[in-house]
Amino acid sequence: MPKLSITTQYASHLTMLPSQNQFRRWAKAAIRVDTEVTIRLVDEAEGRALNKTYRGKDYATNVLTFPLTEEPHLMGDIIICAPVVAAEALAQNKPLEAHYAHLTVHGILHLHGYDHEIEAQAELMEGLETAIVSKLGYANPYLIT
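Residues numbered from 1 in each chain as written. Predicted model: local features only at pLDDT ≥ 70, side-chain atom pairs only at ≥ 80, totals over all residues. Heavy atoms only, no water.

Student: Describe the overall build of the chain, with residues and values.
Tutor: When you go through the chain residue by residue, the secondary structure sums to five helices and four strands. The linear arrangement of helices and strands in the chain, starting from the amino end, is β-α-β-α-β-β-α-α-α. For 145 residues, the compact-globule estimate of 2.2 N^0.38 gives 15 Å, and the chain sits close to it at 14 Å. Dimensions of the chain along its principal axes, counting C-alpha atoms only, are 35 × 35 × 35 Å. Out of the 145 residues belonging to the chain, those deemed buried represent 46%. Only carbon and sulfur atoms are counted for the fraction: they give 54% of the accessible area of the chain, which is about 7800 Å². (Helix = DSSP H or I, 4+ residues; strand = E, 2+ residues; numbered from the N terminus. Rg over C-alpha atoms; globule rule 2.2 N^0.38 Å. Buried < 20%, exposed > 50% of the residue type's maximum accessible area, 1.4 Å probe, protein only. Areas by Shrake-Rupley, 256 points an atom, 1.4 Å probe, with all protein chains shown as cover.)

Put into structure tokens, the structure is as follows:
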């Protein structure tokens, strides 16, 4: 089983945030090789600044992934914008915990090199995400009720 080293940084004013143990469980379900990851929970200002700087998009997005190394040993940062995640979970009628689990898995798969810019890649990535979060006990994240 691959080893996981995880650091969680809480830089959001929101209070109902997952614990480091929850992030560890979700990340561990998605890794395929030894992985070192920092998960940073941020508010909208930081999320927006990072998205603008690194993607040229002037809005806060739910998750950003910054791979630092590639396989056989993964290292990287995952930035999760807590207010965006909370708003999306509410709008999509999803449990907040399930949405955090999905976005953590999504970020880990990005570290593994998966992407969703091309339709075929998106289908593959979404299939993996659905299988992993289902194994964790959550519903298909792409079914919006």
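Student: Residues and numbers for the nonpolar core, please.
Tutor: Core analysis: the largest hydrophobic core is formed by 32 residues, its most contacted members being Phe23, Val37, Ile78, Ile80, Tyr100 and Ile108. When neighbours within four sequence positions are excluded, Tyr100 is seen to be in contact with Met16, Leu17, Pro18, Phe23, Trp26, Leu41, Ile80, Ala82 and Val85. Judged by nonpolar contacts, the second largest core, of eight residues, contains Val42, Leu50, Ile79 and Val84. (Core = buried A, V, L, I, M, F, W, Y, C linked by side-chain atoms within 4.5 Å. Contact = heavy atoms within 4.5 Å.)

Student: Can you explain the environment of Leu14? Please cite residues and give values.
Tutor: Relative to the assigned elements, Leu14 resides in the loop between strand S1 (4–11) and helix H1 (20–30). The exposure class of Leu14 is partly exposed, given its relative accessible area of 28%. Distance from Leu14 to Ile79, taken between C-alpha atoms, is 15 Å for residues 65 residues apart in sequence.

Student: Help me get a handle on the side chain of Ser12, residues and values and all.
Tutor: Within the secondary structure, Ser12 sits in the loop between S1 and H1. Exposure remark for Ser12: the relative accessible area of 14% places this residue in the buried category. Side-chain polar atoms of Ser12 contact the backbone nitrogen of Leu14, separated by 3.1 Å. Discounting residues that sit within four places of it in the chain, Ser12 has contacts with Leu17, Leu41, Val42, Asp43, Ala82 and Pro83. (Polar contact = N/O pair within 3.5 Å; in protein donor to acceptor, adjacent residues only side chain to side chain.)

Student: Run through the environment of Thr69, naming residues and quoting values.
Tutor: Structurally, Thr69 is set in strand S3 (residues 63–69). A residue is classified by how much of its surface remains accessible, and Thr69, at 30% relative accessible area, is partly exposed. Measuring from C-alpha to C-alpha, the distance between Thr69 and Ala49 comes to 23 Å, with 20 residues separating the pair along the chain. Not counting the four nearest positions on each side in its chain, Thr69 is found in contact with Leu74 and Met75. Separated by 3.0 Å, the side chain of Thr69 and the backbone nitrogen of Met75 make a polar contact.

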